[in-house]
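# Structural overview
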There are 8 protein chains.
Amino acid sequence: VGRVRRPGKPSSRTQLDVGEFARYDLGRVSRTGVPEVILAEGKHPDHLVGILRALAKQGHGAIVSRLSPKVRGRLDREVKLGLPMTFHAHGRMGLLEPRRPARRTSHGVAAVVTAGTADVPIAEEAVTVLESQGAAVITAFDVGVAGLHRLTRALRRLERSQPSVYLVFAGREGALPTIVAGLVRAPVVGVPTSVGYGRGGKGEAALTAMLQSCAPIAVVNIDAAVSAALFALQLLGSRSQTD
Amino acid sequence: VGRVRRPGKPSSRTQLDVGEFARYDLGRVSRTGVPEVILAEGKHPDHLVGILRALAKQGHGAIVSRLSPKVRGRLDREVKLGLPMTFHAHGRMGLLEPRRPARRTSHGVAAVVTAGTADVPIAEEAVTVLESQGAAVITAFDVGVAGLHRLTRALRRLERSQPSVYLVFAGREGALPTIVAGLVRAPVVGVPTSVGYGRGGKGEAALTAMLQSCAPIAVVNIDAAVSAALFALQLLGSRSQTD
Amino acid sequence: VGRVRRPGKPSSRTQLDVGEFARYDLGRVSRTGVPEVILAEGKHPDHLVGILRALAKQGHGAIVSRLSPKVRGRLDREVKLGLPMTFHAHGRMGLLEPRRPARRTSHGVAAVVTAGTADVPIAEEAVTVLESQGAAVITAFDVGVAGLHRLTRALRRLERSQPSVYLVFAGREGALPTIVAGLVRAPVVGVPTSVGYGRGGKGEAALTAMLQSCAPIAVVNIDAAVSAALFALQLLGSRSQTD
Amino acid sequence: VGRVRRPGKPSSRTQLDVGEFARYDLGRVSRTGVPEVILAEGKHPDHLVGILRALAKQGHGAIVSRLSPKVRGRLDREVKLGLPMTFHAHGRMGLLEPRRPARRTSHGVAAVVTAGTADVPIAEEAVTVLESQGAAVITAFDVGVAGLHRLTRALRRLERSQPSVYLVFAGREGALPTIVAGLVRAPVVGVPTSVGYGRGGKGEAALTAMLQSCAPIAVVNIDAAVSAALFALQLLGSRSQTD
Amino acid sequence: VGRVRRPGKPSSRTQLDVGEFARYDLGRVSRTGVPEVILAEGKHPDHLVGILRALAKQGHGAIVSRLSPKVRGRLDREVKLGLPMTFHAHGRMGLLEPRRPARRTSHGVAAVVTAGTADVPIAEEAVTVLESQGAAVITAFDVGVAGLHRLTRALRRLERSQPSVYLVFAGREGALPTIVAGLVRAPVVGVPTSVGYGRGGKGEAALTAMLQSCAPIAVVNIDAAVSAALFALQLLGSRSQTD
Amino acid sequence: VGRVRRPGKPSSRTQLDVGEFARYDLGRVSRTGVPEVILAEGKHPDHLVGILRALAKQGHGAIVSRLSPKVRGRLDREVKLGLPMTFHAHGRMGLLEPRRPARRTSHGVAAVVTAGTADVPIAEEAVTVLESQGAAVITAFDVGVAGLHRLTRALRRLERSQPSVYLVFAGREGALPTIVAGLVRAPVVGVPTSVGYGRGGKGEAALTAMLQSCAPIAVVNIDAAVSAALFALQLLGSRSQTD
Amino acid sequence: VGRVRRPGKPSSRTQLDVGEFARYDLGRVSRTGVPEVILAEGKHPDHLVGILRALAKQGHGAIVSRLSPKVRGRLDREVKLGLPMTFHAHGRMGLLEPRRPARRTSHGVAAVVTAGTADVPIAEEAVTVLESQGAAVITAFDVGVAGLHRLTRALRRLERSQPSVYLVFAGREGALPTIVAGLVRAPVVGVPTSVGYGRGGKGEAALTAMLQSCAPIAVVNIDAAVSAALFALQLLGSRSQTD
Amino acid sequence: VGRVRRPGKPSSRTQLDVGEFARYDLGRVSRTGVPEVILAEGKHPDHLVGILRALAKQGHGAIVSRLSPKVRGRLDREVKLGLPMTFHAHGRMGLLEPRRPARRTSHGVAAVVTAGTADVPIAEEAVTVLESQGAAVITAFDVGVAGLHRLTRALRRLERSQPSVYLVFAGREGALPTIVAGLVRAPVVGVPTSVGYGRGGKGEAALTAMLQSCAPIAVVNIDAAVSAALFALQLLGSRSQTD
């Protein structure tokens, strides 16, 4: 008695089957307004390459996050995808350019703010995703909470662009999103970063503090910059029209 | 040598000092677009009554959440506030009516969805806050995840109103916001509820699962319906103009 | 005034044995500068009454914390101690007046600050201990973090008294001690309070956030107002000389 | 005075003593219907090799799980076992072929389903164990929860084989077993996988969510694919008769 | 602008809408082989009564779990449902008898075993659910692990009935399911019970130990006797045919 | 199809079957040297009374721990057991006197030490069990760690009795067993008590600190005074000979 | 539509902007009495080097903590800063010498004490920070708690210098700060160190035990020697006057 | 003002000062009956070598645990200690032979038992410490719990030596000490080992289950074989007389 494996047939419109191991959701953009982002971390490199090859073959683009330097190197040098792939934000993200780029209409500006310098690489992931989908982004990094003057000066500058949403990145005690949300009109999404050591380190304290915020912020998981960016894109109502 | 206590003088415009123990933030509405909500839980009843008396005396309204039946009874029967106070949502919320109600302009509709029947009282807190600020609300309760037909039928109905934001309440395994976010265009805010027993009960599993969602949702704390509603209000851009 | 250090000699003087169940440390004041505070919570009421009776019989005073209303009532009405006992701070503390009150010299001022109204009862425990030992106290309650104006105004007022130490009480996200420590010269001790619900509630988030603070604060346990006050007393160098 | 070590004598039928350090349970198959699986992880390589040598010498087969590449290499190249050993599922499992293979009778089909691509290597461990014991397996990988169409199409296909049990693998928010269990008649065993980062990552959220499932699923530990497979084998009533 | 609430129309076959707050899944039995069980705990009593009234009105039966004595009293005395309701297992479960009882065919026997006396009330919940659906049940309670003779004698007796599945209940260190699974051929489902105090108390140690079992058991959440019973029903292949 | 329940026949020598719900281990004393202790907490009062009645009927004695005042009252007043039952240590323990008391030979002395006054009731449970089995006990309560003079004086007194084992009870930071173990020759068993509030309260910090002790102590669970006492009895080699 | 990034202009007095990614707080010394310490861990090496280059260019000094050997090597060999940088405390700290060193006036002595030898490298971080700011430091390392003689002898020596504050470092069970605080007059700050394995290891037990201390100590996070030193500096009232 | 470091003078009898960083407790053997064991893990290699050099110079022996291969190599090859050092138990322990070995009198036998093969290396640490102090040891490894026959046969063999104490090592679900304690008269010390993955892995489940044991066992921390051995030595009353 052996194994019974009957492959499902590919659905040309909303789903791209890649071998037995992957089913890329092509319909997500039209259904939810945001594309599927491929998380490289945890996937077998062969699976990741297989998915990208299949997408490229059909002319589709893709956003890949949390690329290890090793896999990035392989994508950069060995693998022929047939479509150009660019790498952003200290090399953790890769953008496979679609054959026919979508035109995008941005509604409003997203503000991306960090408490410290160590939060910047995580925040850059959000900036990359937002800009890849045509959103306007304005940033203020290392505005701190241990001295309020850095913050108030930065907020004055950002408010001039009238952002529709704030993505506020902070590690350690994670107080910044609370402070920002007490001062601005736009909704604030807190993004805890894996910065800090000891009890509550690696973003645990920041996440929990943001959940306990006395200001009405919403939160994503530790270092979940991509989720925050996709949420912001939906909030901005940014839409892509394929030719 | 005694204690040195110098009272700060009341700031007539943005802050209402109540005795030594409270400073109500009158400027929050104009600064952030949403009012301060008074959390009754944890406050000494004398302090709560004192704050409401001071607000009523100035003609200001207020939203009070997590009122215990005991304190509600006292507010309902004994205390003369001078302004009418109404109680909503199974008695956990109280609305102090301002002397001159604000006119509000709602932009878009908020959809409020629950996974089960036990989540309904928590969700009603959000409905009360949203409606008190003039927002349009559409609801679908007990749409489940253990059989998808209840959910898809409900979503079809809700989508006809083109909501600008979904507040999705779920306890236990907390899967509903993820499922909803895979099917709609509007941003989804997950609200874990303190439903469920054993490991991960009281909303712990729901919260953690929402943080791990493979769909781009944002999250508030367990039972934090008020925070979710205020976040949604900012997102809706609902504004209040006082006469 | 210089510091006097008299080495504690053993011990007919430094220890009071009460039955088999208690040994009160009479020498702690001369050894460490601060008295033993009797935690009522957890002790059998008979044990508590026994200790107070034995102290009163010898003419010693005592500070009792976390008195339940039931035990307080018993001390207030039934028990004859022979020395007057007064109750402070919403009835959670009791002070047994010694036969010969100590003269105390206060060095500097302690500032006691709270983020919210719900933190006030906990903070009052610290105020009671500090004042019972002759320290000068200045307070600012409900100064918040969700709008910074309340805080900056309060700090300006407090700084005029040039406090030697700040005890900053906050529940929920516990951000206030960090903000204060970024703005003042005196050392800041953070006291997390058991305010807040959901993940990180009951002071858990506040404690962890204070431990992760990017400002150099020291921390005590949740609701440990008495420990914070005794630490502040040592810091102030407050001394008691018995006649 | 020295150490007293009296070796127990080997029990030829139900137990195979290997040095002092191991006692392989030969009777488990006849007693419980499933064989002992040797977990390589945590065992000293010398111990592992010793056990396999002893088994091979007696003509017994074995299943080895969680083989590190290093130990696999040693087994593959250096060690002469006398019986053939094959490696499966991305090299984490090894099967020592018994001298006289058992005849097996499979009762029913086991369905193995994964939520994502990253869960596939874990699920393959279960497939290997199931097939090594003669069970029929049918698979559907990467059927997702963020868009339900992938899932419903896959389930339709699987249901045509009328599986007697579903093993459903999911990381991150772990919602898939709940969804499946609401749609099929066969019992569903949830297998959380160590996929996901941040709070609740490494399978923690998935496990807890499965324990909180509102559908009647049973659960094994994170990545415990082997346990799930053995449980399924008992459930299938698959039996092995040695010649 | 007010709230927009459009009620969905009742679906006569697979779903019973009760007010706005509940949607009972009538199709679950035919879809999954097991009925929806109504968890009373956490539901507002009015909601619970409403659901039962609606079911009784249509002639449907129901299983209600975790009934508080207070709500049970109300159901027992005040509420007229129109169909008989019986209470089982120390009063925590209620069975609403359907107008036309289903005929059920049981396949095999379920063995229900407990480690201690304190586990018995939880185990009785499973017995009630199993028997209500026509399954044959055999029990052995308080068989212990601190002396193996109690266990081996009990297992000998149980094995004579050749159970198809074992539900093994244990609190504290939760070792019993592991021991049983090493001795029997049928699949073992471990049910941790909320028995025990201190670290790992309330079933936490039992659950975690069962997840770490070196025998291939599957597990449900702490005190989740109902889930275990429904899982066993699916495993037994018990089916109900309505006349 | 109904339930199949075949009662096992009572084993007159080593096991006492009580109804279906309990099997008292009469052989434990002769097998392990210590009796089974009946934990009242968690057991249904009817079950507890049933067990005691069955034991008394056979003339056996019993130790019952964690008796609630309510159940104690029932045992004290309503239930006729036929054998005398005495209550010890603030009423949490009950001793059913056997018809023919065992003669006991004590080998060595057990020292029972507490850090504070609040630990005394827990420690008294251990004293009661030890003395009920004929062991010699010597105590020192409230010896503290915040001033070492109380401790050193107490240890000097205890050491004169040359204890064979120390049971050291401490809550809060749980430092006392470590300090004692650095000063005495006999083995030290740490018993964390559920004393303390905030993070690490209820004995959590004490337990963890004892596990981390830099001295070679062994530990039991929080408030597990009975386990500690039974362990000490085995260590003392105290044996009971029935006439 | 592109990204909108408007750089804020440098504030010559209180803030030094470094690229977009960092804003060094020059005003902190005059505002709070202690300098900003640059945590190297978590920062991108390019960011760290950029900050130091910018500071050196302006003639400012800096304290850098948690330098990895790799980054230290780069700072030591490759990077030309223009100002001398020295490395302390086993290479984890670096001091950039300012062009015009501040004169400092030390008030009192800080005592730095460790429980074990493994705590010494952490404690050296505090010594380095304290001495870099001109404070007088006295040390006693490996004074233990498992035998009190080491401790009492060390404290006698330290007390001769009349310290104004004790920084007490301990891992494992973290009992030392409690013991010290029971014997001295100066305030005690507990610093848990990441020493110890198993449950409560890596400093977790030490931190929690210190929070539960029955003596009035204040605590910083695990290994947070720099925070403790800055807190002590504020406590000592040490001030720096720049020429 | 510089640092004030006054070295304490060496105490020739009970304490060996090594530089500033270590104070070896020479008096521990005569005070407590067991020697100080040097934990290599966490100590700076220079510190470890320094301590051993100082001990060897004085002719003292030492037990070193958790030696990394790297440090072991250095001790083995580079360092000249002047006294012989032998390495045991897979190289994690080192014994520095004293110039004049102590004569030891062993009282009774210690039984060392493991549940699995993976626990053997940890158990060997205990065997090494016990035998180094002259205790008689009897072992049974991999006796399992998933089939009881392995266990009962092993216990029969061990009981013939009438052990005075059992050290029972188990990872995963940690059930073995409970089972053993239900069958033997000697006290049982459970030693959880860091074996197992997923929730409760690395010994967490084993530790917690042992704390929850329904048999009266005492417990040490995860992998704390050395602590268990020292505790057993005290229990055995083994004493060393130096010539």
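Preceding this section is the structure that the text describes.
First things first, this report covers the structure right here in the doc. (Residues numbered from 1 in each chain as written. Chains lettered and ligands numbered in written order. Predicted model: local features only at pLDDT ≥ 70, side-chain atom pairs only at ≥ 80, totals over all residues. Heavy atoms only, no water.)

### Some words on helix α7 (residues 204–211) of chain A
Burial within α7 of chain A is extensive, with seven of its eight residues counted as buried. A205, A206, L207, T208, A209, M210 and L211 of chain A are the residues of α7 of chain A that are buried. On its buried face, α7 of chain A is in contact with β10 (165–170), α6 (176–181), β11 (188–192) and β12 (218–219) of chain A, α7 (204–211) of chain B together with α7 (204–211) of chain C. (Buried < 20%, exposed > 50% of the residue type's maximum accessible area, 1.4 Å probe, protein only. Helix = DSSP H or I, 4+ residues; strand = E, 2+ residues; numbered from the N terminus. Contact = heavy atoms within 4.5 Å.)

### Section: the interface of chain C and chain G
Each partner contributes to the interface: chain C provides 35 residues, whereas chain G provides 36 residues. For the pair chain C and chain G, the number of links is zero salt bridges. For the pair chain C and chain G, the interface holds nine residue pairs in polar contact (both at pLDDT 80 or more). Broken down by secondary-structure element, the contributors of at least two residues to the side of chain C that touches chain G are α1 (28–32), β11 (188–192), α7, β12 (218–219) and α8 (225–236) of chain C. (Salt bridge = Lys/Arg side-chain N within 4 Å of Asp/Glu carboxyl O. Polar contact = N/O pair within 3.5 Å; in protein donor to acceptor, adjacent residues only side chain to side chain.)

### Section: the environment of A205 of chain G
By the element assignment, A205 of chain G lies in helix α7 (residues 204–211). Look past the residues within four positions of A205 of chain G in its chain and what remains in contact with it is T208, A209 and Q212 of chain F together with R172, E173 and G200 of chain G.

### Some points on a positive patch on the surface
Residue and element names in this part refer to chain F. A contiguous patch of positive charge, built from R153, R156, R157 and R160, is present on the exposed surface. Its location among the elements puts R153 in helix α5 (residues 148–159). The class for R153 is partly exposed, based on a relative accessible area of 32%. (Patch = residues over 30% accessible without salt bridge, like charges linked within 9 Å, V, L, I, M, F, W, Y side chains within 5 Å. Areas by Shrake-Rupley, 256 points an atom, 1.4 Å probe, with all protein chains shown as cover. Lys, Arg positive; Asp, Glu negative; His and termini not counted. Charge placed at Lys NZ, Arg CZ, Asp CG, Glu CD.)

### Here we look at the pattern of salt bridges
The tally for this structure, following the rule as stated, stands at 68 salt bridges over all chains. For E204 of chain A, the salt bridge goes to R199 of chain D, with nearest N and O atoms at 2.5 Å. In this pair, E204 of chain A sits in helix α7 while R199 of chain D sits in the loop between β11 (188–192) and α7 (204–211), so the two residues belong to two different chains. Residue E204 of chain A is classed as partly exposed on the basis of its relative accessible area, which comes to 29%. Overall, R199 of chain D belongs to the buried group, its relative accessible area being 11%. With a shortest N-O distance of 3.4 Å, R66 of chain B and E41 of chain B are connected by a salt bridge. Within this pair, whereas R66 of chain B is found in the loop between β4 (62–65) and α3 (69–78), its partner E41 of chain B is found in the loop between β3 (37–39) and α2 (45–57), the two being separated by 25 residues in sequence. According to the relative accessible area criterion, R66 of chain B is buried, its value standing at 9%. A relative accessible area of 36% places E41 of chain B in the partly exposed class. Among the ionic contacts, a cluster of salt bridges with common partners joins D25, R28, R31 and E36 of chain B.

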